[in-house]
Structures are given as structure tokens and as C-alpha cells.
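# Coordinates in review
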Amino acid sequence: MRIGLLGAFEVRADDGAALDVPGARLRGLLVGLALEAGHVVPKGTLVDWIWGEQPPADATNALHRLVSRLRKVLPEGAVEGLTDGYRLVVDPDDVDAVRFERLVRDGDMTALGLWRGAAMQDVGLPESAAFEAAVTRLEELRLNAYENVEAGAGQVAELTALVAAHPVRERLVAALMRALGAAGRGNEALLVYQRTREALADTLGVDPSAELSAVHVALLRGELGRREEPRRTNLRAELTSYVGKDTEVTAVRGLVDGSRLTTLIGPGGSGKTRLATETARTLLDGFPDGVWLVELAAIGADGDVAQATLAALGQRDALLGDLPDAEPVERVVAAIRDRGILLILDNCEHVIEAAAAFAHRVLGECRRLRILATSREPLGITGETLWPVVPLVLGPAVRLLQDRAGAVRKDLGTDARTLATMERVCRALDGMPLAIELAAARLRTLSLEQLANRLDDRFRLLTGGSRTALPRHRTLRAVIDWSWELLSDDERVVLRRLSVFAGGASLEAAERVCGSEELLTALTEKSLVVTGGEDTPRYRMLGTIKEYAQQRLAEAGEAELTRHAHLEYFTELAETAEPHLRRADQLEWQAVLEAEHDNIAAAMRGALAAGEARGAVRLAAAAGWYWWFGGHKAEGNELIRAAVDLPGESDDEALAVAYAFVVLFLGSGRGDQFVTEDWIRRGYEIGLRVRGGHPALRFLPALRHLLEAAEPSAFEPLLTDDDPWVRALARLQLGKLWMALGRDARDADTQLETALAEFRAIGDRWGISFALTELAERFALRGDLAGACERLEQAIAVVTEAGAIEDVVSMRPRQAKLHWLAGDLRASAAAMAEAQRHAEGVAWPNALAELALARAELATWDGDAGEARHQLGLATAMLGDKAAESNVRAITQGLLGYLAEDPAESREHRVEALRAATESAQAPLIAAALVGVADWALRAGRDEQAARLLGASTAVLGMPDRSQPYPARIERETRERLGDQRFTEALAAGAGSSWPELAEVTLAS
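Report on the accompanying structure. Chains are numbered independently. Their residues run from 1 in the order of the written sequence. Local features in this predicted model are restricted to residues whose pLDDT is 70 or higher, and side-chain atom pairs enter the listing and the counts only when it is 80 or higher, whereas totals over whole chains, interfaces and linings include all residues. Side-chain figures throughout are based on the complete set of non-hydrogen atoms in the structure, without hydrogens or water.

This brings us to the overall build of the protein chain. Helical segments are the DSSP runs of H or I of at least four residues, strand segments are the runs of E of at least two, and each set is numbered from the N terminus. Helices and strands together make up the secondary structure of the protein chain, namely 47 helices and 13 strands. C-alpha extents for the protein chain along the principal axes are approximately 140 × 75 × 55 Å. We call a residue buried when its accessible area falls under 20% of the maximum for its residue type, exposed when it is over 50%, and partly exposed in between, using a 1.4 Å probe and counting protein chains only. The 1005 residues of the protein chain split such that 53% are buried. Between the mean site of the 114 positive side-chain charges and the mean site of the 150 negative ones, the protein chain shows a separation of 3 Å. In this charge count, Lys and Arg are treated as positive and Asp and Glu as negative; neither His nor the chain ends contribute. A single reference atom marks each charge: NZ on Lys, CZ on Arg, CG on Asp, CD on Glu.

Bringing helix α21 (residues 489-498) into the picture now. By the criterion of burial, α21 is predominantly enclosed, with eight of the 10 residues buried. Within α21 the residues assigned to the buried category are E491, R492, V493, V494, L495, R496, R497 and L498. What makes two residues a contact is simply this: any of their non-hydrogen atoms within 4.5 Å. Structurally, α21 contributes buried residues whose contacts are with α20 (476-485), β11 (505-506), α22 (507-513), α23 (517-525), α24 (543-555) and α25 (559-577).

Put simply, a nonpolar core is a bunch of buried Ala, Val, Leu, Ile, Met, Phe, Trp, Tyr and Cys residues held in one set by side-chain atoms that sit within 4.5 Å of each other. Core analysis: the largest hydrophobic core is formed by 205 residues, its most contacted members being L495, L498, F501, M604, W627 and W725. Tallying contributions element by element places helix α28 (residues 613-629) first for this core, with 13 residues. Sequence-distant contacts of W627, that is, excluding residues within four places in its chain, are made with H597, I600, M604, A620, H632, K633, E635, G636, L639, I640 and F665. Within the second largest apolar cluster, 74 residues are counted, among which are A34, L138, V149 and L212.

Turning our attention to the pairing of strand β9 (residues 370-375). Burial runs high along β9: five of the six residues are buried. Bridge count for strand β6 (residues 261-265) against β9 is five bridges, and the pairing is parallel. Across the sheet, L261 pairs through a bridge with I371, a residue of β9. For two strands to be treated as a pair, DSSP must find at least two bridges joining them. The pairing of strand β8 (residues 342-346) with β9 spans four bridges and is parallel. From the neighbouring strand, I344 faces β9, where its bridge partner is L372. For a crossover, the right-handed case is the one in which the path from the first strand over the helix to the second runs clockwise, viewed with the strands pointing away from the viewer. The parallel pair β8 and β9 is bridged by helix α14 (residues 352-365), and the resulting crossover is right-handed.

Mapped onto the fold, T45 is located in helix α2 (residues 43-51). Sequence separation between T45 and D961 is 916 residues; the distance between their C-alpha atoms is 119 Å.

What follows is about the pattern of salt bridges. Take a side-chain nitrogen of Lys or Arg and a carboxyl oxygen of Asp or Glu: if they are within 4 Å of each other, that pair is a salt bridge. Evaluated as defined, the whole model comprises 72 salt bridges. A salt bridge links R982 to E944; the shortest N-O distance between them is 2.6 Å. Of the two residues, R982 sits in helix α46 (residues 980-991) while E944 sits in helix α44 (residues 943-957), which places them 38 residues apart along the sequence. For R982, a relative accessible area of 41% puts it in the partly exposed group. Look at the salt bridges and you will find they share partners, linking R910, D935, R939, R969 and E973 into a network.

Over its 15 residues, helix α3 (residues 59-73) runs 22 Å from end to end, which matches the ideal 21 Å to within 8%, given 1.5 Å per residue. If you check which residues of α3 are buried, you get A59, A62, L63, L66, V67 and L70. Buried residues along α3 cover an arc of 140° about the axis, so they all sit on one side. Away from the buried face of α3 by more than 90 degrees, exposed residues R65 and K72 are located. For α3, the secondary structure elements touched by its buried residues are α1 (24-34), α2, β4 (79-81) and β5 (85-88). Here a helix's expected span is defined as the number of its residues, less one, multiplied by 1.5 Å. Of all possible arcs, the one meant is that of the directions from the helix axis to the C-beta atoms.

Right, let's get into the packing of aromatic side chains. Ring geometry is summarised as follows: Phe, Tyr and Trp rings, the Trp one being its six-membered ring, pair when their centres sit within 6.5 Å, and such pairs are stacked at plane angles under 30 degrees, edge-to-face over 60 and tilted between the two. Tallied over the full model, the rule gives 16 aromatic pairs. Here F665 and W844 contribute two aromatic rings whose centre-to-centre distance is 6.1 Å and whose plane-to-plane angle is 80°, an arrangement assigned as edge-to-face. Taken together, the positions of F665 in helix α30 (residues 652-666) and W844 in the loop between α38 (825-839) and α39 (845-861) put the pair 179 residues apart, joining distant regions of the chain. The structure contains a cluster of three or more aromatic residues connected by ring pairs, namely W625, F661, W725, F759, W766 and F770.

Attention shifts here to the packing of α38 against α39. Helix axes are fitted only over the stretch in contact, all axes being lines through C-alpha atoms; the angle between N-to-C directions runs from 0 to 180 degrees. With their axes 11 Å apart at the nearest point, α38 and α39 run at an angle of 155° to one another. Compared by their axis directions, α38 and α39 come out roughly antiparallel. In the packing of α38 onto α39, the handedness of the crossing is left-handed. Together, S828, M832, A835, Q836 and A839 of α38 and L848, L851, A854, R855 and L858 of α39 make up the contact between the two elements. Partitioning the contact of α38 with α39 into residue classes produces seven nonpolar, two polar and one charged. Each angle gets one of four labels, with under 35 degrees taken as roughly parallel, over 145 as roughly antiparallel, 65 to 115 as roughly perpendicular, and the rest as oblique. In a left-handed crossing the near helix is turned counterclockwise from the far helix by less than a right angle, and in a right-handed crossing that turn is clockwise. Lys, Arg, Asp and Glu make up the charged group, whereas Ala, Val, Leu, Ile, Met, Phe, Trp, Tyr, Cys and Pro make up the nonpolar group; the residues left over, Gly among them, are polar.

To continue, consider the pairing of β5. Of the strand pairs in this sheet, strand β3 (residues 40-42) and β5 are connected by three bridges, and their pairing is antiparallel. Counted as the bridge partner of P42 is G85 from β5. Two strands pair when backbone bridges link them, and β4 and β5 are joined in this way by three bridges, in the antiparallel orientation. If you follow V79 over to β5, its bridge partner there is L88.

On to unusual backbone geometry. Backbone geometry places D430, a non-glycine residue, at a positive phi of 60°. Positionally, D430 belongs in the loop between α16 (416-428) and α17 (433-442). A positive phi angle, near 65°, is found at S527, a position not held by glycine. With respect to the secondary-structure elements, S527 resides in the loop between α23 and β12 (530-532).

A few words on the environment of N887. Relative to the assigned elements, N887 resides in helix α41 (residues 886-899). Given the relative accessible area of 6%, N887 is considered buried. A C-alpha to C-alpha distance of 8.3 Å links N887 and E919, two positions 32 residues apart in sequence. In terms of polar contacts, N887 uses its side chain to reach the side chain of S886, at 3.5 Å. Polar contact is defined as a pair of N or O atoms within 3.5 Å, subject to the rule that within protein one atom must be able to donate a hydrogen and the other to accept it, and that residues adjacent in sequence are counted only when both atoms are side-chain atoms.

This brings us to the side chain of T418. The topology assignment puts T418 in helix α16. Of the residues examined, T418 reaches a relative accessible area of 14% and is grouped as buried. Setting aside residues no more than four positions away along its own chain, T418 makes contact with G413 and L448.

What follows covers the packing of helix α27 (residues 597-609) against α28. Where α27 meets α28, the axes come as close as 10 Å, and the angle between the chain directions of the two elements is 150°. In terms of axis orientation, α27 runs roughly antiparallel to α28. Note on packing geometry: the crossing formed by α27 with α28 is left-handed. Judged by residue contacts, H597, I600, A603, M604, A607 and L608 of α27 engage A616, L619, A620, A623, Y626 and W627 from α28. Grouping the amino acids of the contact of α27 with α28 by side-chain chemistry returns 11 nonpolar, one polar and no charged.

Given below as C-alpha cells:
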């Protein structure tokens, strides 16, 4: 039987089988007998060994029972009971601890090979002082043995661990130094000496002993161990491949070739160190005396950069120079004065002043020296060349994630869905290499989708860094904590307040909400804030830093204070810009607001979340026209509606203007005034309490008038308004009203042309495009398809310049229909393709519905009933509740009437289309519905009724409709059946008849 005590406790039978000895006291009994193998151990000694100062009441019987249990698990006869004690019947050399002591006494240092770890692991007798004393005695014997042994290269690992546990045990340190010397690692031995000297001074206040100093001198003289081959670098071999920045390696190499001091700057985790070391590897042949990495992260804020450099150089005798007792920086200068060396000063930010002073000194005195530094801010030395290390762009970031994820799991695919999720992860992590590597490590226990969905809580999620990494690189939060701790109190205030911004901040905005430009510059230099913009700088943070700063803002109790300052600033900015959006300088101001789009939306959403009606309504009134004019209709509609729905008091003028914008948004597209009736009345009533103010308030009385009676007199008072924009818009609306009423076409044209001229004089592109679009409708009605297309093209150019892409999505389909009517199917298809291209970036349902309705119309004209019905379904789904409004029903039911093959089904659609058009009271819709009834009459063989209905349609509209293919087709077929005279007579009869009665008679029979 063999018993192992020098490491994990184990017992094996003679055949090698492991024997299970369960329980601490049973193992303790066996250990007590084994340490005296072959000798009788008195019962009292065993009782003290097992229970110490707290033996059981009947200790003798308790010991006897324990021996009985032990005999059951050991071979028969292994434990012999005698009158005065017990004996373990085993050869003493079969107990490794006993054999170890014998070999040590004989001076045989092979005894050390018996150790497998800490003595008597897995035993543990907490009450036994004797047991603890035995463990301590064995460990002390082991240390003495190592101190006395002629240690060779094979003992380096064991001695290193022991010295780490006993850093001021000088004989043990000496043994390690001799072992390192024997292994040809003299530099490391010298470094061990340096560390021990510092530990002795700090801990005991003494210098190294004469014995240890003698070993040190022997190493310096080359008298101890073999002389190692000179090394040219201390760069470690990397365990992972380098992904993503190969071009940067080339660029940085060029900078090092051309500049004596190159600093890689960037935020924590951006890959500065890896870029520096990868670049340095490619430069090794160019520096005859080597490339040396000086790791500064481990030294304290008051650490000595020169001393760290000496440690990195290993105090090699070839580099020591003639000043071994001089100050560290002088020793560095002496060591490398005339040598071609590249030093990599890594992680300078926490010792930035000391690193700068060191670099300035050694570069000035060592002409062949070059330094490649990494830091979160520049060293600030004249002649320093900077290279910003930016996060990975999407492609390389995904490749890095794939590479690192492949090391922890092999089941990740390369399909489109997996790649899309990886892209989502990399975007969320800003392409930061360290964050991506931490995320990849989490894939040991999470699926890729779970990882992506949990990145909103990234600081709790990304905590699985390498155990061998620096502590500040083991978790994502620790990376940012490191930078945060290096900031001044004022810098921390600015950084956390800057987190309230969305999409960055202008200098003026940042100063108003956060602090001074000097502090912003300081944070930018420390790589916590990023600047961008060619003309004027904008300050922003990477998403990870922003989330961290937001948490710090909440911890400081400043979140609401900062949010209110942010809301106030952007409300004032929108109020300042708003009048300019209706003037010739509107594009300049539009650009100002567009740059702050995310901030304006964030300010509004913050006010909404806090239930602050006054602030939300004020901002809604200020930003409403920007959202409408600048291509953000869907978002503007959502935010304005949410603002006016908040309970609480608001400024009267702001609330009335906000109501006017609700009317604008809800009544746009195919909407009608009756849907917005309640909003019009509310806005009008509040507006009565406001004098002057926003132009929208002047239109509320006109809109209320239209609710009572659709008469031109509604807009006529505005034609003499002091504001030229109000006059132009009133004239345009008057022209539209003439068109809707089917009044004198020439008067409508005059109003629209005049409005266009006035808007051009003002320089308002929105008004210009509005007037051109309405004029295009007039040209199309008269059959001037080329003129209509030309005006639409002008309108599209204007709104594109302003960024109102939603309007382009609505205008291009109108062009496509005109091209189709003109027989140019290629141009029609091109216009629809252009509309689709713009639609992919649009969320405004009105614009998307217009596109779908146009597709439905074109499919109907082409005879593709299936596609037409499909597009109609899409349009009604996009419009939602608006699909039930009379204006929309008149269009959709009219198309369904043309698509229906069954006459009865077609008739039902015609009845419904006419009813909806009548409800709308709009002449163009009524005229189109009458044409639809004429189509049904023609299909039913009622030719004269069809001709009469065409005449009635023309009379309602005030002119024949040449913007649709149906009137011309019905006229052609009816004229062929009736002949010219009968057709003309029927047409005239219809024009002079009551169209409701004519339609009713036709559909009733």
C-alpha cells in the first residue's frame, strides 16, 4: 500500500487501485499513522492529532470506532492494534512524506521530485494544531531543500511559484536566480533580484544580504550559468490572429520610419497595443539593437517610467553602460545612447506627464532611438506624430467576431441571418475590438441571438475577459472605469452631461448644456469624445462610452437637470430657425436643424416620457414645420400627436400652432377636412385668445369657415395679409378650392400661377413645389401631358433639394401615369423605379400608399387585375383608418369597379364610389365617379346613358378629364355605337342635367 501526502491526498493498494478514505477525521487518522509508518502511535497522541483541544467525551471509544472504520477501507491487517496504541503496517518509504524526510537527511535532492502540490490537501483537521504544525514542518523542509539544492533549469517553474509566495526569503530567491542562470535566462534573474531588493526595502527596510548580492554580481559578470544568446525583442508571441487593421500596420510603420516619436491614440479597447506590437514585429529587422515593449499599465500613477524601461530591457549587461548606480533615466540613456532601438511605451495615459518628460529626455540624448507610444491622449511633445486608432469598420469587425467566436464554438453558420446578427452585434459595440472579443467569449454560454438581444445591458454582459489580461481589460466596464478615474472632477461633469445628446452636439450646444470648450477639447484629446464635421466641429461619444456616461449622470443625480437644459436649448434653436424655413434662406436653416434632428427628437421624447405638456407642446410648435418640410413626416406626426395628447397646461399660442400642425399632418394626402374637424375647432378657439403670432394661426379661421361652407370667401381675407408667405399660400389654397368646386378653370389657373410667382419671390421651396404640383394636375386635366411632366420634374427638383423625399415618392408615380398616357412605357417604368428607390428610406404611410395606389392604377390600365387588387390591399393597409375616409373610398371603389368582371359586382362598386365622392364634395372625385358609372353603362349596353354621364362629368369638373384613360376610351366606343350626332346630343343633354338624378336613374335600371 502506498500513501501520498505531498499534494492531493491519495491511497493506493499494491495493485495500483485507488482506495477511498471518506471523511476528514478518517483521513486525518490515516495521516497520523502514516507519518509514523511502522511505529506505534500512542492513543493519546492520536486523540490530540484528530480532535486537538476539543476531544469527545469518551475519546478512547471514539478513537476505537474510527480505527474500526479505517480497517474496513484499508487492506486486511494494515492497522495493528496494541495495548498502548496503533501501528500502520506499511514500509515507511511507501509514504511519500516519510520518504521525503529520509532523502533530505541523506542530502539527496531528488526528494523534491516527490512533491505534487501543497502538502496534505483534501484532509483538513481544523481543530488540530498538531496537524497544522506537521503541514508547516513539511513545507519548511521543502523550502530548505530548494535553498540547499544546486538548482538547475528544471526547477525554474517550482522556484518561481515559491518565490512568489515568499518574496523576501533571500536564500530561495538566490536559488531561483541560479536556476534562471542555468537556464540561460540571466535577464530574468537580474529582474528577480531588482524586485526582491525593492520588496526588502519596502517590507523590511533592509538591503539584500551578502549571499544574495554575491549571486547578483556573479550573474552580472557572467560567472553563473551559461551566457544567453542576445535577444532583440521582448515581444510575446500572440495567441490569436490579427484581424482587421493590416492597412493601419503599413501606415504606422511609415510614420515610425519618418518620425522619432509616434503616438497611437484612441479610446480604451480600440486595439492600440495590438496595432503597436504588430507594427513593431514588421520593424524588427530595421533596429539592430532590438524592439522593446515597456508596459506601463502595471505601474502606479507615480510610477517611474525609466525604471519600467530598465525592467523591459532586462538590465542586460550589453546595455548597462558605465553607470550602474546612477538614476534610472540616466542608466537608460547610458544603455541606449548610441544604439538603434525602438521602444514601445504602452499605456501612457495614467503617467502622461512622466512619460512625456521621459520621452523628451531620452529622444534628445539618444539620436538613434525611436519611440512608438500608445495612449488615450497625446504626449504633447514638439515633433510628436499622432495616429488615431479608430474602431473597426463593419466588415473587419464582423471578421474579428467570426474569428474569436470560432474559437469557443464550432456551430456558428455563415448564412445571411447569422451574418446580419453579427453585424448588429458589431454595430452595437461600435466596432471596438476589445468589446467584440469579450462578446465572443460570452458565446460559450449564449446563442448569437441571445447575445445580440442583451447588449442593451452590455456592462453586465461583457465580463468574461482573459484571466491573464490586465484587470482593466477583463470587463467592458473596467475599460471605461480606467479612463474615468483619470479625469478631473470638471471633466467628469462635462462627460456625463454630454451623454444627454443624441447624434452629437455642436460646440454651442455642448457649452450651453455641459461646460467650456477647453474641457471638451481635453476630453477629445483623452479619446473619450470624438469630433467630426468639416466646417464646424460636432462632439459625440461612442455608444459604449455614452451608455457609461449616462449611468454616471444618473448616479450624480443630474439626469433631469441636464435633460431640461438640453430641451431648452433645442427648443430655442427650433424657434429661432422656424420662421426662416419659409424664406429664401430656408435650406441653410434646414441644414442646421437636420444636423440636430436626433437631438430634437430626443428632447421631445424626453419631455413626453416625463409628462411635461408645456415643454413638449412648445417644441412641437417650433419643430412641426421642420418635420413637415424636411422629410420627417411620419416621425413629426407621431411626436406632435403625442405632445398635444399630454394632460396639463400649455402656452396658448404654442398649443394652437400644434393643433394646426395636427390638421396639416392628418389632412395630408388623401385625407379630407372632416377628419380634422375637431382639431380645427380646438385650434380656432384657442387661437382667438392669441394676437398675431405664427402664420398657421391665420389659417385656422379659414379652415373653420370651410367646415361650414366650401366657399372661396374662406381664404379671401388672407389675400391682404402682411405676411407674403400667408398671402401666397392663401392664393394657392384658393386655386385648389376652385378646382375642388369645379369652378371657372381659368380662375383656378390664375390663382395657382400667381401663387407660384409669389412663392418664388419669397424663395420658399415648399410653396414652389406645392404650386407646381397643383399646376401639373391642371395641365394633365387639359391633356398637356408634357407640360404636366415638366412641372412635376421642377417640383421634384425643389423638394429633393430640401430633403423632402416623401414628396418625391408621391410625385414620381404621378409622372409615371402621365408617361403611360403618353405611350412612353419605358419612362413610366423608370419613374416608378425611382419612386421605389426613394420609398425604401421612407416611413410616411401617405407616401407609400400613394405609390401603391399608382401601381394599382397602372396595373388596372395594363389589364393586370391580380396585381391591381394586391396593390389596393397594400394601400388600404398602409392608410389604416384613413382608408375609410370618403376621399380614399372614392378612389379605391372606382378602381374596383373597373376591375370587376361581373356587372353586378361592378355596379356595387360604382354605387359606393359615387356615394363616397358625393360625401367628399370634391368635383374631381365626383367627375371621376360619374365616368366610372358611364363605364358601367357602356358595358351594360346603355350607350346614350354613357354619353350623358360623360357630359355630366365634364360639367362637374369644368373641363374634360384628359388625365385618365377612361373618358377618352368611353367617348370613342360610345361615339362609334351612337354616331357623331346622337353622341353629341347625348353629351350635351348630360351636361345640362342633374348629375345625381342621372346617375341614380342609370344605376337603378
